[in-house]
Amino acid sequence: METSPLGKMLLVFCAVFVLAAYLFMSLSWVVVCSGLVLIFVYSRRRFLSEVFHSQVKVSREVLDELAFAREPVAVKVEIANLNATPLQARFEDRLPHGCAVASGSNVAFAKVPPRSVWSFAYSFVAERRGRLAMDDVVIEQSDVFGLHTHRLEAPAKTTVAVHTRRESLSTAREVARREHFEYAGVTRTPAVALREFEHSGIREYAPGDKARDIHWKAFTRLGRLMTKTYKREGTLETMVLVDCSRSMRLSSHKVAKLDHATDLAIQLSRVLLSNFHKTGAAAFDETSVISMVESSLAKHQFERILIALRDIPGAVKVDDGAAVLEPGTSSPLLRTQSPTAVGKGDRGAFLDALKGITAHRNAGMQDIGLEGVIRDVITSRRGGEMLFVVISDLISSRDAVVSAASLCRRTGNRILVIQTYDDWYSKPSSCLDVAGAERLCCSMSGAVNTEATLRRAGASFIRIGPADTTARIVRSIRRGVA
Amino acid sequence: MIKASVGLKMTVAMAAAALFLTFSNLSFSLLVPGAVGVVLVLFGIIIRYRPAAMLGLFVDLSVAALSIDIVTLADMDVWQTSVLGLLLPTSLLAWSALLSEDTDSYVIRFRTRAFATALAVGALFAVTIPVSAAIIGTAVPSAVNTISTMAEVSILFTVVAVTALVAVRSGEGSSTRS
């Protein structure tokens, strides 16, 4: 409990009155002072009793089912005053870091009548994608005399999964309409009716062939009836795997690798689903699978993938040049020796802890993270060919991706690695010095070595930067660039 | 259950002002600011604006302290004047002025711990000097007539400060429940 500015002013006046008593040598000033102190004590005791008996229940509700980055998310806060006395307070719903109020206000002054519920609503805009943890609602109670205040943090934990920007979804729809991710070859998976057949050649006409299959142009040229033959166009079951390891989460410039990878995964999934490939998605980090949706062509599969990818953690903004990771090394090491140099607060400790986990991981924990996902999927498929699209920067999860590529080759599956190249996502330096050039050269050399390793392991490979769109990537894959 | 309505608060403020007037020896030069202070308090209560009421309160308290000159509280007549003409009106006027922004939600309850504490503290303030004089008179009978105004001011101020601190600090730990 604190004394309000008015209460402090009252006490200052009391002190002045006491001083006046000494100056004027009169007891009346002290008596007046004692009258004010009497009211001060009374108000404090009364307010203490009110605070002690107050029973406030706070609940928060996120009104939007899907929250998108840079779009308003409506929130409603309900305050139930269970006490028999009114609750006069200032209510503040604290916003998570990186959020701003869009409309309304997250601060409200109200007098909640006894045994009643009062609510206020506002909307906020999240700058970035990720899971936002909304903390307690702060209630600053003040007494009726205005002399005291009491700050209370009412528990109302809410987690809002903010999706990537809505434009990403409309882009996915557009790309899916334009681009095709075709797979040449016959699989055991029955093709979908509309795209069942692909023209493969012509042969001599045989009685019984359908008239619509006769190649009339060849008849004019050859003088005999030829029949067009078709082969079933295969569909390839695909899993899009997004690396959420610590190196992917670090962001030092405009576009975070993880955000780009998430957008890419969404749009690729949409393209694959629109081309009738069974598609699933998973997000993994160094130690665990964050979320996973098995491949399917079910009606709401894209929505399921969206929900799964919503669980991908948000990117961590680091100071420019504070955290530099060595690409191509077997264990992700920070170039700066001190983990505290990475950023402020707990970020250094967080990265340090992950570094420790990664160090343990190399000692034999092979069935976690990416390998665990791939092994599980392959086991559940029981022999069918699959395509794994891994989106990773190959820094923290390099070894895991290489092992996954080897695993895919051993089991007769395909793997496509899309590398979000770290240097292309970093802020370009205004003047390139010799040390910077050497660093860029070393990292590119490391990346090329990694690419060679992956290609030797039978993986297809494509390196992308923040300017690469899904349409461009899909076209590159179709042209066989990968 | 009595609600502190605007009418009640205005009545209390005017009663306090009347008590001031009854026990004080107001000159015209003090009557004018005193009246302005009362008007400010009433105005603040009517329009529910606490700063105006507080300004009026401090003006009135200064006027009251200037108009009632108390040199000793050991005398019963002066003691009665100080309690009825200063302590009680000050508390009542401060109560009504501080409640000026409240919108009829304040319920006056007498059978509460806060009210009992306030009563006890008020009684302590009132009897401090007479009791001190009695103790000093018992211990050193010759010194009872030589207690100066400054000594009484010091004793009362010490008691006020210590009582306020004790009353405020006790029960502080129990305010953490929500």
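Quantities reported herein were computed from a predicted structural model and do not represent experimental measurements. (Residues numbered from 1 in each chain as written. Chains lettered and ligands numbered in written order. Predicted model: local features only at pLDDT ≥ 70, side-chain atom pairs only at ≥ 80, totals over all residues. Heavy atoms only, no water.)

A closer look at the interface of chain A and chain B
Where interface size is quoted, it is often the accessible area lost as the parts come together. At the interface, 44 residues of chain A touch 55 residues of chain B. Broken down residue by residue, the surface that chain A buries against chain B is led by Tyr 22, Leu 27 and Arg 45 of chain A, which jointly contribute 15%. Taken together, chain A and chain B are joined by zero salt bridges. Run the count over chain A and chain B and you get six residue pairs in polar contact (both at pLDDT 80 or more). Mapped onto the side of chain A that touches chain B, the elements with two or more residues apiece are α1 (5-24), α2 (28-53) and β11 (148-154) of chain A. In terms of residue count, the dominant contributor to the side of chain A that touches chain B is α2 of chain A (21 residues). For the side of chain A that touches chain B, the residue count by class is 30 nonpolar, ten polar and four charged. (Contact = heavy atoms within 4.5 Å. Buried area = accessible area lost by both parts, 1.4 Å probe. Salt bridge = Lys/Arg side-chain N within 4 Å of Asp/Glu carboxyl O. Polar contact = N/O pair within 3.5 Å; in protein donor to acceptor, adjacent residues only side chain to side chain. Helix = DSSP H or I, 4+ residues; strand = E, 2+ residues; numbered from the N terminus. Nonpolar A, V, L, I, M, F, W, Y, C, P; charged D, E, K, R; others polar.)

Here's the deal with the packing of helix α4 (residues 76-98) of chain B against helix α5 (residues 113-139) of chain B
Residues and elements named next belong to chain B. Taken N-terminus to C-terminus, the directions of α4 and α5 make an angle of 155°; their axes are 11 Å apart at the nearest point. The orientation of α4 with respect to α5, classified from their angle, is roughly antiparallel. Where α4 crosses over α5, the handedness of that crossing is right-handed. Packed against α4, whose contacting residues are Trp 79, Val 83 and Leu 87, the element α5 presents Gly 122, Ala 126, Val 127 and Pro 130 at the interface. Tallied by class, residues from the contact of α4 with α5 come to six nonpolar, one polar and no charged. (Axes fitted to C-alpha atoms, helices over the stretch in contact; angles between N-to-C directions. Parallel < 35°, antiparallel > 145°, perpendicular 65-115°, else oblique. Left-handed = near helix turned anticlockwise from the far one by under 90°.)

Some words on the sheet that holds strand β2 (residues 56-62) of chain A
For sheets, the rule is that strands pair by backbone hydrogen bonds, running either parallel or antiparallel. Residue and element names in this part refer to chain A. With respect to topology, four strands assemble into an open sheet ordered β2-β4-β8-β6, the strand pairing being antiparallel. Each of the sheet's edge strands pairs with one partner strand only, and the pair in question is β2 and β6 (99-103). For this sheet, the mean inter-axis angle between neighbouring strands, taken without regard to orientation, is 35°. With seven bridges joining them, β2 and strand β4 (residues 72-81) adopt antiparallel strand pairing. Of the residues in β4, the one forming a bridge with Lys 57 is Ala 80. (Pairing = 2+ DSSP bridges.)

Some details on the pattern of salt bridges
Side chains that carry opposite charge are capable of pairing whenever their charged atoms lie near each other. All names here are of chain A. Applying the stated rule across the entire model yields 18 salt bridges over all chains. The shortest N-O distance in the salt bridge between Asp 136 and Lys 157 comes to 3.9 Å. One end of the pair, Asp 136, is in the loop between β9 (130-134) and β10 (137-142); the other, Lys 157, is in the loop between β11 and β12 (158-163), and 21 residues separate them in sequence. Under the relative-accessibility criterion, Lys 157 is labelled exposed at 64%. Arg 151 is the partner of Glu 140 in a salt bridge, and the nearest nitrogen-oxygen pair spans 2.9 Å. Remark: Arg 151 occurs in strand β11 and Glu 140 occurs in strand β10; sequence separation between them is eleven residues. Residue Glu 140 is classed as partly exposed on the basis of its relative accessible area of 26%. Through salt bridges with shared partners, a single network forms among Arg 90, Glu 92, Glu 140 and Arg 151. (Buried < 20%, exposed > 50% of the residue type's maximum accessible area, 1.4 Å probe, protein only.)

Considerations on unusual backbone geometry
One can expect most non-glycine residues to show negative phi and most peptide bonds to be in trans. Residue and element names in this part refer to chain A. A positive phi angle, close to 50°, is found at Arg 115, a residue other than glycine. Structurally, Arg 115 can be placed in the loop between β7 (107-112) and β8 (116-126). In the Ramachandran plot, Leu 394 falls in the positive-phi region, its phi being about 55° despite a non-glycine side chain. By the secondary structure assignment, Leu 394 is in the loop between β20 (386-392) and α10 (398-411). Here Leu 394 falls in the buried class, since its relative accessible area comes to 2%.

Notes on helix α7 (residues 301-309) of chain A
All names here are of chain A. Among the residues making up α7, those that are buried are Gln 301, Phe 302, Ile 305, Leu 306, Ala 308 and Leu 309. Buried residues in α7, looked at end-on, bunch into an arc of 165°, giving them a common side. In the core, the buried residues of α7 are packed alongside β12, α3 (166-178), β15 (237-243), α6 (257-274), β17 (279-284) and β18 (289-296). (Arc of directions from axis to C-beta.)

Focus: the pairing of β12 of chain A
Working note: regular strand, side chains alternate between the two faces of the sheet. Residues and elements named next belong to chain A. Counted residue by residue, β12 has five buried out of six residues, so it is predominantly covered. Sheet topology places strand β3 (residues 67-68) next to β12; two bridges connect them, and they run parallel. From the neighbouring strand, Phe 68 faces β12, where its bridge partner is His 163.

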